[in-house]
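Examination of the molecular architecture
Given next are the chains, with one letter for each unit.
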Amino acid sequence: MLWSFIAYSFAGFLLETAFAWLTGGAAGRKGLLVLPLCPVYGAGACLVLALTAPVRGEPPAVFLVGGLAATAAEYLAALYHEKALGVSFWDYGDLPGSLHGRVCLPFSLAWGTLSLGLVYWVHPLLAPWLAHIPAPVGWLALAALLTDGLFTAALLRTTGDTASLRWYER
């Protein structure tokens, strides 16, 4: 599960970067200080994979359960960022179906669609590769992830500014 979390956090970083590029937005960091990871995507993907297991044979159910699971992960991540770290990475307040600006209907539908791709295509191809990563490499990756996460949390709590994660622009 650790490697799934890391792989999908990296995929989320790439997706955020591509989305910013395609929409003409600024490619800001929505994750960790150093590692190119967006943990909300990793958590969301792991939650999708776990919760859709009982309904894998039913694509409409995978869409619904996956979309709800990813939306819940996004809502909880936004709540954590706001309450624990004093920052906000996104605000969907002006989009249809917004719930406190933390989640919205268009992205929930996107998460449902992405859940189908994850469950039926991406994860079945990637999981065998991830299973062969040696345990010592996993421990090193976990240490790097936790270290970066702690530094990121401390920086965000201290500055209250998500721009502090863009150290590479200075």
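Preceding block: the structure.
Residues numbered from 1 in each chain as written. Predicted model: local features only at pLDDT ≥ 70, side-chain atom pairs only at ≥ 80, totals over all residues. Heavy atoms only, no water.

So, the overall build of the protein
The condition that has to hold: For helices the rule is a DSSP run of H or I covering at least 4 residues; for strands it is a run of E covering at least 2, with both sets numbered from the N terminus onward. Values of the radius of gyration come from C-alpha atoms, whereas the globule rule sets the reference at 2.2 Å times the count of residues to the power 0.38. For every residue, the accessible area obtained with a 1.4 Å probe (protein chains only) is divided by the maximum for its type, and the residue is called buried under 20%, exposed over 50%, and partly exposed between those limits. By the convention used here, residues are in contact when the closest approach between their heavy atoms is within 4.5 Å. Surface exposure here means Shrake-Rupley accessible area, sampled with a 1.4 Å probe, where a residue is shielded only by the protein chains that are shown. Working convention for charge: Lys and Arg count positive, Asp and Glu count negative, and His plus the chain ends are omitted. A single reference atom marks each charge: NZ on Lys, CZ on Arg, CG on Asp, CD on Glu.
Secondary structure assignment for the protein yields five helices and zero strands. Ordered by position from the N terminus, the helices and strands of the protein form the series α-α-α-α-α. The C-alpha atoms of the protein give a radius of gyration of 16 Å, which matches the 15 Å a tight globule of 170 residues would have. If one aligns the C-alpha atoms of the protein with their principal axes, the spans along those axes are about 45 × 45 × 30 Å. Here the protein holds 170 residues, and the buried ones make up 39% of them. Here the analysis covers contacts within the protein between residues at least 6 apart in sequence; of these, 67% occur between residues at least 24 apart. For the protein, the computed accessible surface area is about 9,600 Å², with 74% contributed by carbon and sulfur atoms. Looking at charge distribution, the protein has the averaged site of its 8 positive side-chain charges lying 6 Å from that of its 9 negative ones.

Some thoughts on the packing of aromatic side chains
Keep this limit in mind: Between 30 and 60 degrees the pair is tilted, below 30 it is stacked and above 60 it is edge-to-face, where a pair is any two Phe, Tyr or Trp rings, Trp via its six-membered ring, whose centres lie within 6.5 Å.
In total, this model carries five aromatic pairs according to the counting rule given. For the pair Tyr41 and Trp111, a centre-to-centre distance of 5.8 Å together with 90° between the ring planes defines the contact as edge-to-face. Here the residue Tyr41 occupies a position in helix α2 (residues 39-52), and Trp111 occupies one in helix α4 (residues 105-131), the gap between them amounting to 70 residues. The same class applies to Tyr41 and to Trp111, which are both buried. With a centroid separation of 5.8 Å and 40° between ring planes, the pair formed by Phe107 and Trp111 is classed as tilted. Of the two residues, Phe107 and Trp111 are both situated in helix α4; the distance of four residues between them amounts to about one turn of the helix. On the basis of relative accessibility, which here comes to 12%, the residue Trp111 falls in the buried class. Taken together, the ring pairs in this structure connect Phe19, Tyr41, Trp90, Tyr92, Phe107 and Trp111 into an aromatic cluster.

Some thoughts on α2
Test applied: Multiply 1.5 Å by the residue count of a helix minus one, and that product is the helix's expected span.
Over its 14 residues, α2 extends 20 Å from the first C-alpha to the last, a length consistent with the 20 Å expected when each residue adds 1.5 Å. Those residues of α2 that sit buried are Val40, Tyr41, Gly42, Gly44, Ala45, Cys46, Val48, Leu49 and Thr52. In this fold, the buried residues of α2 make contact with α1 (2-23), α3 (59-85) and α4.

What to know about the pattern of salt bridges
Two side chains bearing opposite charge may form a pair once their charged atoms approach each other closely. Our working rule: Take a side-chain nitrogen of Lys or Arg and a carboxyl oxygen of Asp or Glu: if they are within 4 Å of each other, that pair is a salt bridge.
Inspection of every chain in the model, using the stated rule, returns one salt bridge. Note that Glu82 and Arg102 form a salt bridge whose closest N and O atoms lie 2.7 Å from each other. With Glu82 in helix α3 and Arg102 in the loop between α3 and α4, this residue pair connects regions lying 20 residues apart in the sequence. Judged by its relative accessible area of 26%, Glu82 falls in the partly exposed class. Accessibility expressed as a relative area gives 10% for Arg102, which makes it buried.

Some words on the nonpolar core
In plain terms, the rule: Here, the term nonpolar core denotes a set of buried Ala, Val, Leu, Ile, Met, Phe, Trp, Tyr and Cys residues that are joined through side-chain atoms within 4.5 Å.
In terms of nonpolar packing, the biggest core is built from 27 residues, with Val48, Phe89, Trp90, Leu118 and Leu156 touching the most fellow members. When contributions to this core are tallied by element, the ones reaching two or more residues are α2, α3, α4 and α5 (135-159). Sorting elements by how many residues they give to this core places α3 first, with seven residues. With near-sequence residues (within four places) excluded, Phe89 lies in contact with Arg29, Lys30, Gly31, His81, Leu156, Thr162 and Leu165. Within the second largest apolar cluster, nine residues are counted, among which are Trp3, Phe5, Ile6 and Ala141.

These figures come from the coordinates and say nothing about function on their own.
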